[in-house]
Amino acid sequence: MRERGFFTGKELRRVPLPPWLRKRIQIGGAQGKVLGVLEELRLRTVCQEAICPNITECFSRSTATFIILGDACTRGCGFCAVKRGRPQPVEEDEPERLSEAVRSLGLKYVVVTSVTRDDLPDGGSGHFRRVILTLKRHKHLKIEVLVPDFQGVCQNLEAVLEAGPEVFAHNVETVPRLYAEVRSGAFYKRSLRVLEFAKKQSKNIYTKSGLMLGLGERKEEVLAVLRDLRRTGCDMVTLGQYLRPSMHHRAVERFIEPGEFEEYGEIARSLGFLEVQAGPFVRSSYYAEALLKGAER
Ligand code: SF4
């Protein structure tokens, strides 16, 4: 097993991570199979595109988060490793290829996300809907979608919600003060409205959101976001450490210590979230199935 580092801080060099952020690379398990299926079916994962530190752990457990609607995002958030660029045509056979991946990997739970497609008239919501409906053919499969804001257009949100995923996730990502700097094209209040709309429309669907910490937010700002999320009726929340994917991305302002994550977790639970995950390596889709199981209890 080897350790991997990440570009961090404002320095123009690779700097060591604190001990709690040295992730062991896992070898073996289902990784070979997952990679083979992805290649054969020409599917992408956010695990690869976003250089997720959990990739060997998740792939070895046959878990991956699929990213649909191409590999080019029309926005370009300062923290995100997914490339910004000219969007590609929607691949009409993508839902079927995803379905085949679910079958080949024997998945009981799948997380599907996408790049933001502000260029499409429906923001890509119709494609999300087709993906969900196609995946619903798998009887015991639970589906979580992690969606962009669709510019807050209700009919786009309805198209996704009516398809009936078990979990509707939309990440607020950071505190409102940092939106202009790190989430160009997104608006904090719009993201809250998206979550609120989803909860009001579909009481049976669990809603979920996530934040990355270490971008320069203050504790009281994080707590205010947690309270805002609860006001939308949000059921689950994740909090993890931001890691800089490359020197072209926003620097890490601070490494949050594990004890601080625990404290955020406890506060979030006391606010009434059904399930909370908070820790240095937590990502929106990290152990997503376990999070839903906890919420359902
Ligand atoms: S945490 Fe999510 S994005 Fe990261 S490797 Fe696991 S499934 Fe992929």
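Everything that follows concerns the structure shown earlier in this document.
Bear in mind that the values here come from a model prediction, so they are computed numbers and not experimental data. (Residues numbered from 1 in each chain as written. Predicted model: local features only at pLDDT ≥ 70, side-chain atom pairs only at ≥ 80, totals over all residues.)

## Some points on the overall build of the protein chain
Consideration 1: Helix and strand content of the protein chain: 11 helices and 10 strands.
Consideration 2: For 297 residues, the compact-globule estimate of 2.2 N^0.38 gives 19 Å, and the protein chain sits close to it at 18 Å.
Consideration 3: With the C-alpha coordinates aligned to their principal axes, the bounding extent of the protein chain is approximately 45 × 45 × 40 Å.
Consideration 4: The proportion of buried residues among the 297 residues of the protein chain is 45%.
Consideration 5: For the protein chain, restricting intrachain contacts to residue pairs at least 6 apart in sequence, the fraction spanning at least 24 positions comes to 72%. (Helix = DSSP H or I, 4+ residues; strand = E, 2+ residues; numbered from the N terminus. Rg over C-alpha atoms; globule rule 2.2 N^0.38 Å. Buried ≥ 20, exposed ≤ 12 C-beta atoms within 10 Å, placed from the backbone. Contact = placed C-beta atoms within 7 Å.)

## Remarks on the packing of helix 1 (residues 31-40) against helix 4 (residues 94-105)
Consideration 1: Two elements in contact, helix 1 and helix 4, have axes separated by 10 Å at closest approach and are oriented at 160 degrees. When the interaxial angle is binned, helix 1 and helix 4 end up roughly antiparallel. Classified by chirality, the crossing of helix 4 by helix 1 is right-handed. Here helix 1 contributes Lys 33, Val 34 and Val 37 to the contact with helix 4, which in turn contributes Ala 101, Ser 104 and Leu 105.
Consideration 2: Along the lines of polarity and charge, the residues of the contact of helix 1 with helix 4 split into four nonpolar, one polar and one charged. (Axes fitted to C-alpha atoms, helices over the stretch in contact; angles between N-to-C directions. Parallel < 35°, antiparallel > 145°, perpendicular 65-115°, else oblique. Left-handed = near helix turned anticlockwise from the far one by under 90°. Nonpolar A, V, L, I, M, F, W, Y, C, P; charged D, E, K, R; others polar.)

## Some thoughts on the nonpolar core
Nonpolar side chains in soluble globular proteins generally cluster together in the buried interior.
Consideration 1: Counting residues in hydrophobic clusters, the biggest one holds 82 residues, and the most contacted among them are Val 110, Val 112, Val 145, Val 160, Val 237 and Leu 239.
Consideration 2: Contact partners of Leu 239, with chain neighbours within four places excluded, come to Leu 211, Leu 213, Phe 261, Tyr 264, Ala 278 and Val 282. (Core = buried A, V, L, I, M, F, W, Y, C linked by C-beta atoms within 7 Å.)

## Section: the site of the ligand
Consideration 1: Every residue close to the ligand is listed here: Val 46, Cys 47, Cys 52, Asn 54, Ile 55, Cys 58, Thr 63, Ala 64, Thr 65, Arg 283, Ser 285 and Tyr 286.
Consideration 2: For the shell around the ligand, a count of residues per class yields seven nonpolar, four polar and one charged. (Near = placed C-beta within 6 Å.)

## What to know about helix 4
Consideration 1: If you check helix 4, its first and last C-alpha atoms are 16 Å apart, about what 12 residues at 1.5 Å a residue would give, namely 16 Å.
Consideration 2: Where helix 4 is concerned, the buried positions are Glu 94, Pro 95, Leu 98, Ala 101 and Val 102. Viewed along the axis of helix 4, the buried residues span an arc of 120 degrees, placing them on a single side of the element.
Consideration 3: Looking at the buried side of helix 4, the elements it contacts are helix 1, strand 4 (65-68), strand 5 (109-114) and helix 5 (125-135).
Consideration 4: Looking one or two residues past helix 4, Gly 106 carries a phi angle of roughly 65 degrees, positive in sign. (Expected span 1.5 Å × (residues − 1). Arc of directions from axis to C-beta.)

## Looking at the sheet that holds strand 10 (residues 275-278)
Consideration 1: On the basis of which strands lie adjacent, the open sheet formed by eight strands has the order 3-4-5-6-7-8-9-10 and mixed pairing. Of all the strands in the sheet, just strand 3 (44-45) and strand 10 have a single pairing partner and so form its edges.
Consideration 2: Sheet analysis places strand 8 (residues 206-213) next to strand 9 (residues 236-241), joined by six bridges and oriented parallel. Counted as the bridge partner of Leu 213 is Gln 241 from strand 9.
Consideration 3: Where helix 11 (residues 288-296) meets the sheet, it contacts strand 5, strand 6 (142-146), strand 7 (167-169), strand 8, strand 9 and strand 10, and its direction lies at approximately 145 degrees from that of strand 10. (Pairing = 2+ DSSP bridges.)

## Some remarks on the pairing of strand 6
Consideration 1: For strand 6, the tally of buried residues reaches four of five residues, placing the bulk of the element in the interior.
Consideration 2: Looking at chain direction, strand 5 and strand 6 are connected through five bridges and run parallel. Note that in strand 6 the partner of Val 111 across the bridge is Glu 144.
Consideration 3: Each parallel crossover has a hand, and the one from strand 5 via helix 5 to strand 6 is right-handed.
Consideration 4: As defined by bridge partners, strand 6 adjoins strand 7 across three bridges and the pair is classed as parallel. Residue pairing for strand 7: Leu 146 is matched across the bridge by Ala 169.
Consideration 5: Where the polypeptide runs from strand 6 across helix 6 (residues 154-162) and back to strand 7, its parallel neighbour, the crossover connection is right-handed. (Right-handed = clockwise from strand over helix to strand, strands pointing away.)

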